[in-house]
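# Structural features, examined
What follows is each chain in one-letter form.
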Amino acid sequence: MAGKGSGKVLKSGPNDNVFIFFADHGAPGLIAFPSEVLHAKPLNNALESMFKNKQYGKLVFYVEACESGSMFAKLLPNNISVFATTASNPTESSYACYWDAKRNTYLGDVYSVEWMEDSDAEDITKETLQQQFLIVQKKTNTSHVEEYGDLSIGQTFFVGQFQGNQSFSERPSGVQELRDVQPVIHEDAFRSEDVRMATLYRKLASAQDGERQKIIDDIGKLTRQQERVLNTFTRIATVAAGSKQLNSVFETRRELTNFNCYEPVVDVIHQRCFSVTQSDYALRHLYTMVNLCEMGIPVESIVSAINEAC
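The structure contained in this document is the topic of the report that follows. Source: prediction; values computed, not measured. (Residues numbered from 1 in each chain as written. Predicted model: local features only at pLDDT ≥ 70, side-chain atom pairs only at ≥ 80, totals over all residues. Heavy atoms only, no water.)

So, about the nonpolar core. Core analysis: the largest hydrophobic core is formed by 57 residues, its most contacted members being Phe 72, Tyr 262, Ile 269, Leu 286 and Met 289. It is helix H9 (residues 259–272) that provides the largest number of residues to this core, a total of 7 residues. Leave out the neighbours within four places in its chain, and Ile 269 touches Phe 233, Ile 236, Phe 274, Val 276, Leu 286, Met 289 and Ile 306. Phe 83, Trp 115, Ile 124 and Phe 133 belong to the second largest nonpolar core, which has 15 residues in total. (Core = buried A, V, L, I, M, F, W, Y, C linked by side-chain atoms within 4.5 Å. Buried < 20%, exposed > 50% of the residue type's maximum accessible area, 1.4 Å probe, protein only. Helix = DSSP H or I, 4+ residues; strand = E, 2+ residues; numbered from the N terminus. Contact = heavy atoms within 4.5 Å.)

Moving on, we get to the sheet that holds strand S8 (residues 105–109). Ordered by their spatial adjacency, 3 strands build an open sheet running S8-S7-S10, and the pairing between neighbours is antiparallel. Each edge of the open sheet is held by one strand with a lone partner, namely S8 and strand S10 (190–191). Bridging between strand S7 (residues 95–100) and S8 involves 4 bridges; their strand directions are antiparallel. Residue Asp 100 lies in a different strand from S8, and its bridge partner there is Thr 105. Along the sheet, helix H2 (residues 110–121) makes contact with S7 and S8, crossing S8 at roughly 60°. Across the sheet, helix H6 (residues 195–206) is in contact with S7, S8 and S10; its angle to S8 comes to roughly 140°. (Pairing = 2+ DSSP bridges. Axes fitted to C-alpha atoms, helices over the stretch in contact; angles between N-to-C directions.)

This brings us to the packing of aromatic side chains. If you walk through the whole model with that rule in mind, you get 13 aromatic pairs. Ring geometry for Phe 51 against Tyr 56: centres 6.3 Å apart, planes inclined by 40°, an arrangement best described as tilted. Classification of Phe 51 by relative accessible area gives partly exposed; the value is 33%. Judged by its relative accessible area of 3%, Tyr 56 is buried. Ring centres of Tyr 62 and Trp 115 lie 5.2 Å apart, and the angle between their planes is 80°; this geometry places the pair in the edge-to-face category. Here Tyr 62 is found in strand S5 (residues 58–64), whereas its partner Trp 115 is found in helix H2, with 53 residues between them in sequence. Take Tyr 62 and Trp 115: they sit in the same class, and that class is buried. Put simply, the rings of Phe 19, Phe 21, Tyr 62, Tyr 111 and Trp 115 pair up and form one aromatic cluster. Positioned over the ring face of Tyr 287 is Arg 253, at 4.0 Å from the centre of the ring. (Phe/Tyr/Trp six-rings, centres within 6.5 Å; stacked < 30°, edge-to-face > 60°. Lys NZ or Arg CZ within 6 Å of the ring centre and 35° of its normal.)

It is at 10 Å that the axes of H9 and helix H12 (residues 299–309) come closest, and there the two elements cross at 15°. Comparing the axis directions of H9 and H12 gives the class roughly parallel. Of the two elements, H9 crosses H12, and the hand of that crossing is right-handed. Touching Cys 261, Pro 264, Val 265, Val 268, Ile 269 and Arg 272 of H9 are Val 299, Ile 302, Val 303, Ile 306 and Asn 307, all from H12. Class assignment for the residues of the contact of H9 with H12 results in 9 nonpolar, 1 polar and 1 charged. (Parallel < 35°, antiparallel > 145°, perpendicular 65-115°, else oblique. Left-handed = near helix turned anticlockwise from the far one by under 90°. Nonpolar A, V, L, I, M, F, W, Y, C, P; charged D, E, K, R; others polar.)

Below, the discussion takes up the sheet that holds strand S3 (residues 30–32). Overall, antiparallel pairing links the 3 strands, which are arranged S2-S3-S4 in an open sheet. The open sheet has two edge strands with one neighbour each: strand S2 (26–27) and strand S4 (37–39). Here H9 sits on the sheet and contacts S2, S3 and S4; the angle it forms with S4, its principal contact strand, is near 175°.

Set out below in structure tokens:
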């Protein structure tokens with residue numbers, strides 16, 4: 001993790017409970033910041049290092065991002081006192097919701113909305129992390145909420161021990177029964193990679209005559225950007241694997257195991273083709289690079305194809 005970010009670090013110790021909530025875009029084996037990405041293996045290595053150096057007692061990690069399960073699946077050990085939950089499994093999108101017509105934006109994401117609203121509604125001094133996970137999992141019907149790591153933390157620790165332990169008088173005295181929980185239908189929910197286009201069409205639907213042409217132009221510009229992304233990934237796959245393998249590259253989703261291939265390939269695309277951190281549409285096509293790596297194509301051949309395509 002050296003050289004990343006602002007240099008500010010968490011100054012916690014062995015007696016501290018740490019709660020981390022991350023919300024942004026994601027892709028197989030990575031989460032995106034405004035200008036850089038964080039790969040899954042370095043993240044898990046950092047957590048293991050923190051555990052060995054006694055930089056926390058227990059650590060709880062909530063991740064809101066597409067394909068966020070891939071940050072921990074088969075990577076996060078169950079013996080380093082970390083409990084993680086994610087908005088989605090390793091291969092699916094997370095969803096935005098709560099469209100605000102006044103601000104012309106989506107105010108939340110389904111998984112995040114559900115855990116935050118649950119924390120507001122429950123007595124979190126009595127609700128375990130596992131109870132919250134199960135409630136959020138049941139209410140979130142747009143993606144599969146997952147849990148990883150040391151699951152005993154979820155069963156034995158209360159939400160309030162990580163999110164704040166104040167018990168407000170207006171909160172109910174208990175915790176709702178899971179059998180009473182129903183999935184929440186967010187009729188305005190959209191996959192994260194579709195949010196920019198959905199936002200433009202919502203703006204167009206309510207626009208005045210003088211505003212419409214600018215929005216139509218923006219829709220055309222975004223469409224062309226998405227076409228460029230798709231054409232670029234198609235060109236990379238064609239050069240690296242051959243045209244006969246395109247269906248295999250685009251129509252399947254292989255499990256990411258070859259991180260030594262995938263990580264440098266993503267970094268080269270980010271440097272040579274387009275900023276993947278600024279294009280959720282590009283992030284959602286990185287699964288094709290997973291497929292190329294898992295098909296056994298050498299990283300050098302994929303990088304050469306990227307240089308030719310970009």
